[in-house]
Amino acid sequence: MNPNPAGGDDRSFLAVDAARAAILGALTPIAGRERVAVRAALGRVLAEDVIAPCNVPAHDNSAMDGYAVRAADLCADGETALAVVGTAFAGRPFSGMVGAGQAVRIMTGATIPQGADTIVVQEVARREHERVFIPIGQKKGQNLRRAGEDLAEGGVAIPAGKRCGPAELGLIASLGIAEVCVRRRLRVAVMSTGDEIASIGRPLGPGEVYDSNRYTLHGVLTRLGCELLDLGVVPDRPEALEEAFREAAQAADVIITSGGVSVGEADFIREMMNRMGEVAFWKLAIKPGRPMAFGRIGDAVLFGLPGNPVAVMVTFYQFVQDALLQLMGVAPLPAPERFPVRAAFSMRKQPGRVEYLRGRLQRSGEALAVAPAGAQGSGVLSSMSEADCFVVLPADCTAVREGDTVLVQPFHGIV
């Protein structure tokens, strides 16, 4: 594993695309799988293709309430009168045959009676006692759902690598399958480092701040469906950190830390990480979130994130989340959702780095616009709470003027 595409020079700034490529190129899905009940598969990644054991639907059926008729009986130049000889219900089919000059009242989902080949919707038909009158303009085969139209027996219903959502659960259930094979949950150890970090529930001492990063990471990792190992706040003491990293590497697939990766911060942390594994320390060409570490300690993948709360979220969403999905076996990875909108703000920007503003989308008539959501400092976590998107300003951008087109990355497309 060579996690440093900059060739070992951690003083250079690494572009976003290069960092993403280096991370994803170094990772392969975890081993291990299990069988779970369909309801327990929500959010889990399929380890095997789901094969359709039967046709869905299982038989030709009606897509609408109406009348099952023979197209050959319908007049091309006037209304057709047919005798109604029975009714077909979903789950209770008509047992006879539709003959010449006949029709069967049919409900949505009911099996198409023998002899019929067309469904006329009830809204256009005119019923008088035991006869139905069909207007011109009907087409042979209309309003039919054919057997296997949704899924054909023996075909791949859902491919391996798909993360199961509500639609997938319903699709699996429609095949009569009670259990599916999924990859085991990804085990992720989380810790915060630093003598200034205080756990919630006790008064702050001089110079201390409460640890918000572990709670942010708990939220994003839980929503991804990871199995969490929370190692708490680890003080800046070599023996404590080494013990925490050793425990994490033995118990987890991934270690995520916050704090302790900037230049000038506790050099022994960097030395210890390198001694225990293979770790690169990057300066990313982004704002916020410039410092980041990536590599391995033992068999565990390590992500060392910055200490500032917003920088943690930016680096997680832009680099770590897709890496975790790849380790979970998701394939293909979801494409990041980004779209252009009008800027409802003006600002100057330093070139050479990608900047992620926290933004809020606004509707202006038929068009969307975006404005900054609160103060944009990397420690202002309230800006993430107020925002519903990132405004992604590319490296070569030097300024935004009101009315310019900018790219936004909505939060609902991230998680």
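Every value quoted in this text rests on a predicted model; they were computed, and no experiment measured them.

Peer 1: Lay out the overall build of the chain with the relevant residues and their values.
Peer 2: For the chain, the helix and strand inventory stands at 7 helices and 29 strands. Here the C-alpha atoms of the chain give a radius of gyration of 30 Å, more than 25% beyond the 22 Å that 2.2 N^0.38 yields for 415 residues. Projected onto its principal axes, the C-alpha coordinates of the chain cover approximately 90 × 50 × 45 Å. Expressed as a percentage of its 415 residues, the buried residues of the chain come to 46%. Of all intrachain contacts in the chain linking residues separated by at least 6 positions in sequence, the fraction that spans at least 24 positions is 70%. Taken as a whole, the chain presents about 19500 Å² of accessible surface, with 51% of it coming from carbon and sulfur. Both charge centroids of the chain, one from 42 positive and one from 46 negative side chains, sit 3 Å from each other.

Peer 1: Can you tell me about the packing of helix H3 (residues 213-224) against helix H6 (residues 309-328), naming the residues and giving the values?
Peer 2: Closest axis-to-axis distance for the H3/H6 pair is 11 Å, and the angle between their directions is 30°. Looking at the two axes, H3 sits roughly parallel to H6. The way H3 lies across H6 gives a crossing that is right-handed. Only Pro309, Val312, Met313, Phe316, Tyr317, Gln321, Leu324, Leu325 and Met328 of H6 make contact with H3, whose side of the interface consists of Asn213, Thr216, Leu217, Val220, Leu221, Arg223 and Leu224. In terms of residue class, the contact of H3 with H6 is made up of 12 nonpolar, 3 polar and 1 charged.

Peer 1: Describe the sheet that holds strand S22 (residues 300-305), listing the residues and the values that go with them.
Peer 2: On the basis of which strands lie adjacent, the open sheet formed by 7 strands has the order S1-S19-S21-S22-S18-S14-S17 and mixed pairing. What marks the edges here is a single partner per strand, and that holds for strand S1 (13-14) and strand S17 (227-234). Taken together, the 7 bridges between strand S19 (residues 277-284) and strand S21 (residues 291-297) define a ladder with antiparallel strand orientation. Following the sheet pairing, Gly277 is matched in S21 by Ile297. Each of S1, S19, S21 and S22 is contacted by helix H1 (residues 16-25), which is oriented at about 165° to S19, the strand it contacts most. Its contacts with the sheet put helix H4 (residues 238-251) on strand S14 (187-193), S17, strand S18 (254-258), S21 and S22, and the angle it makes with S17 is roughly 175°.

Peer 1: Any details on the side chain of Thr257? Residues and values, ideally.
Peer 2: Of note, Thr257 is situated in strand S18. A relative accessible area of 1% means that Thr257 is categorised as buried. In contact with Thr257, not counting residues within four places along its chain, are Met191, Phe245, Met273, Leu302, Phe303, Gly304 and Leu305.

Peer 1: Residues and numbers for the nonpolar core, please.
Peer 2: The tendency in soluble globular proteins is for nonpolar side chains to be buried as a group. Counting 50 residues, the largest nonpolar core has Leu221, Ile256, Trp282, Phe303, Phe316 and Leu324 as the members making the most contacts within it. Top contributing element to this core by residue count: H6, with 13 residues. Other than its neighbours up to four places away in sequence, Ile256 contacts Val188, Ala189, Val190, Met191, Leu217, Leu221, Phe303, Leu305, Phe316 and Val320. Listed in part, the 22 residues of the second largest apolar core include Ala244, Ile255, Met272 and Val279.

Peer 1: Go over the pairing of S22, please, and point to the residues and values.
Peer 2: Counted residue by residue, S22 has 6 buried out of 6 residues, so it is predominantly covered. By the alternation rule, side chains of S22 split into Ala300, Leu302 and Gly304 and Val301, Phe303 and Leu305, which are all buried. Looking at chain direction, S18 and S22 are connected through 5 bridges and run parallel. Each residue of the ladder has a partner; that of Ser258, found in S22, is Leu305. As paired strands, S21 and S22 are joined by 5 bridges and run antiparallel to one another. Among the inter-strand pairings, Arg296 is bridged to a residue of S22, identified as Val301. The antiparallel pairing of S21 with S22 creates a hairpin that spans 2 residues between the two strands, and Gly298 there sits at a positive phi of about 65°.

Peer 1: Can you break down the packing of aromatic side chains residue by residue, with the values?
Peer 2: Per the stated rule, a full pass over the model turns up 6 aromatic pairs. With a centroid separation of 5.3 Å and 35° between ring planes, the pair formed by Phe294 and Phe303 is classed as tilted. In terms of burial, Phe294 and Phe303 fall into one category: buried. Plain terms: the ring middles of Phe316 and Tyr317 are 5.8 Å apart, the flat faces sit at 75° to each other, and that makes the pair edge-to-face. A relative accessible area of 10% means that Tyr317 is categorised as buried. Chaining the aromatic ring pairs together yields one cluster made of Phe316, Tyr317, Tyr356, Phe390 and Phe411. Against the face of Phe89 rests Arg92, its NZ or CZ located 4.5 Å from the ring centre.

Peer 1: A description of unusual backbone geometry should follow, citing residues and the corresponding values.
Peer 2: With omega at -5°, the peptide bond leading from Val56 into Pro57 counts as cis. Checked against the element boundaries, Pro57 lands in the loop between strand S3 (50-51) and strand S4 (61-62). In this chain, Ala331 is followed by Pro332 through a cis amide linkage whose omega measures -5°. Position of Pro332 among the secondary structure elements: in the loop between H6 and strand S23 (339-343). Positioned with a positive phi, His129 is a non-glycine residue whose angle comes to about 55°. Secondary-structure assignment places His129 in the loop between strand S9 (126-128) and strand S10 (131-134). For His129, a relative accessible area of 72% translates into the label exposed. Even without being glycine, Asn143 reaches a positive phi, approximately 60°.

The rules behind the values
- Residues numbered from 1 in each chain as written.
- Predicted model: local features only at pLDDT ≥ 70, side-chain atom pairs only at ≥ 80, totals over all residues.
- Heavy atoms only, no water.
- Helix = DSSP H or I, 4+ residues; strand = E, 2+ residues; numbered from the N terminus.
- Rg over C-alpha atoms; globule rule 2.2 N^0.38 Å.
- Buried < 20%, exposed > 50% of the residue type's maximum accessible area, 1.4 Å probe, protein only.
- Contact = heavy atoms within 4.5 Å.
- Areas by Shrake-Rupley, 256 points an atom, 1.4 Å probe, with all protein chains shown as cover.
- Lys, Arg positive; Asp, Glu negative; His and termini not counted.
- Charge placed at Lys NZ, Arg CZ, Asp CG, Glu CD.
- Axes fitted to C-alpha atoms, helices over the stretch in contact; angles between N-to-C directions.
- Parallel < 35°, antiparallel > 145°, perpendicular 65-115°, else oblique.
- Left-handed = near helix turned anticlockwise from the far one by under 90°.
- Nonpolar A, V, L, I, M, F, W, Y, C, P; charged D, E, K, R; others polar.
- Pairing = 2+ DSSP bridges.
- Core = buried A, V, L, I, M, F, W, Y, C linked by side-chain atoms within 4.5 Å.
- Phe/Tyr/Trp six-rings, centres within 6.5 Å; stacked < 30°, edge-to-face > 60°.
- Lys NZ or Arg CZ within 6 Å of the ring centre and 35° of its normal.

Note that all results are geometric; they support no functional claim without further evidence.
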